[in-house]
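Coordinate inspection notes
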Amino acid sequence: MPHRTTGVSRRTVTKAAAAAGLAVLFGARPATAATRLGPRTLDVSLSSAALGGSAPVRLILPSGFDTQPGRTYPVLYLLHGAHDDYTSWTRETDIEAFTEGRDLIVAMPDAGPTGIPTAWRSGPDYETFQVEEVPALLARDYRASGVRVVAGVSTGGYGAMAHTARHPGTFAAAASYSGILDTTAPGVPTLMDAIVARENLAAHSLWGSPLLNLLTWRDFNPRARAKGLRGTALYVSNGSGLAGGTGDWLPEALESALWPSAHAFTDTLALLGIPVTTHFYAGGGHSWAYWKQEFTASWPMLAGALGVAE
């Protein structure tokens, strides 16, 4: 979960949109509403059957989008972390300026209050929202091509690897910065449960009990589904946290907690003969100060998969 540096409040997902159900029954196009925030940036509210309501997606369009109506564009998906929202990448990074002049669409879909983009046992299906519904919207209304890459921080890093492993071929590249990459590793289920509890959601509403519903936990575990990552360009980074840290104990403790599972994940990839670029560094914390650097380091890989200039 990210160490927030600002007090910007999270926009909660709108509840119970009857139009979503009607769209499924009658084949209507999902309802959308867009709010322009700047020359290239807009927020889209997408009526989602998977969520049973509407959820936001922030988009950054290419500089020449309006002047080249016949052109299609690859998409960079950026996923947020726990207790944050779809505005985090534009709030915490210079992604708007960074992508200026680059021929791609940036899509930042919401993942709910926990930031865990998965199919909940008792709740919404953010996996389908992010992997199917948002791409369909972009292809339909924003001329997105079929070329996609995904990157995420913390629980968004989980989403980047889980989405890619569970839907092979959907993304040409995936990058995780301090992601939760082995959900059944010692201590990690407790961490996941704590994320859920912090949002006052029911215990075991994520994937059920880590013991009684172990098969479900494994099914959504990037490490257990690692074979699905074959053929995808991969980047994984994580700091050691408290060991060699600076004394900011909470983000460093969180980073330390994920260090073993990140290594277990990449060790599994090595056993399977699946290439991955790794950056395991001493110290560091679970915060944007490090994730911004890691995004920059992974950009050549992401750009290559997108087919755009570095």
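Refer to the structure printed above.
My aim in this report is to walk through the structure given alongside it, one point at a time. These numbers come from a predicted model, not from an experiment.

1. Describing the environment of D141
Looking at the element boundaries, D141 is found in helix α4 (residues 126-141). For D141, a relative accessible area of 28% gives the class partly exposed. The spatial distance from the C-alpha of D141 to the C-alpha of T32 is 9.9 Å, given a sequence separation of 109 residues. Engagement of the side chain of D141 in a polar contact is seen with the side chain of R140, the distance being 2.8 Å.

2. What to know about the pairing of strand β2 (residues 41-48)
With respect to burial, β2 is a largely interior element, 7 of its 8 residues being buried. Of the strand pairs in this sheet, strand β1 (residues 32-36) and β2 are connected by 5 bridges, and their pairing is antiparallel. What sits directly across from T32, in β2, is L46. What sits between the antiparallel neighbours β1 and β2 is a turn of 4 residues. Relative to strand β3 (residues 53-60), β2 runs antiparallel, the two sharing 8 bridges. Counted as the bridge partner of S47 is S54 from β3. The hairpin formed by β2 and β3 contains 4 residues between the paired strands, and G52 there has a positive phi angle of roughly 70°.

Scoring rules and cut-offs
Residues numbered from 1 in each chain as written. Predicted model: local features only at pLDDT ≥ 70, side-chain atom pairs only at ≥ 80, totals over all residues. Heavy atoms only, no water. Helix = DSSP H or I, 4+ residues; strand = E, 2+ residues; numbered from the N terminus. Buried < 20%, exposed > 50% of the residue type's maximum accessible area, 1.4 Å probe, protein only. Polar contact = N/O pair within 3.5 Å; in protein donor to acceptor, adjacent residues only side chain to side chain. Pairing = 2+ DSSP bridges.

Function cannot be read off these values alone, since they describe shape.
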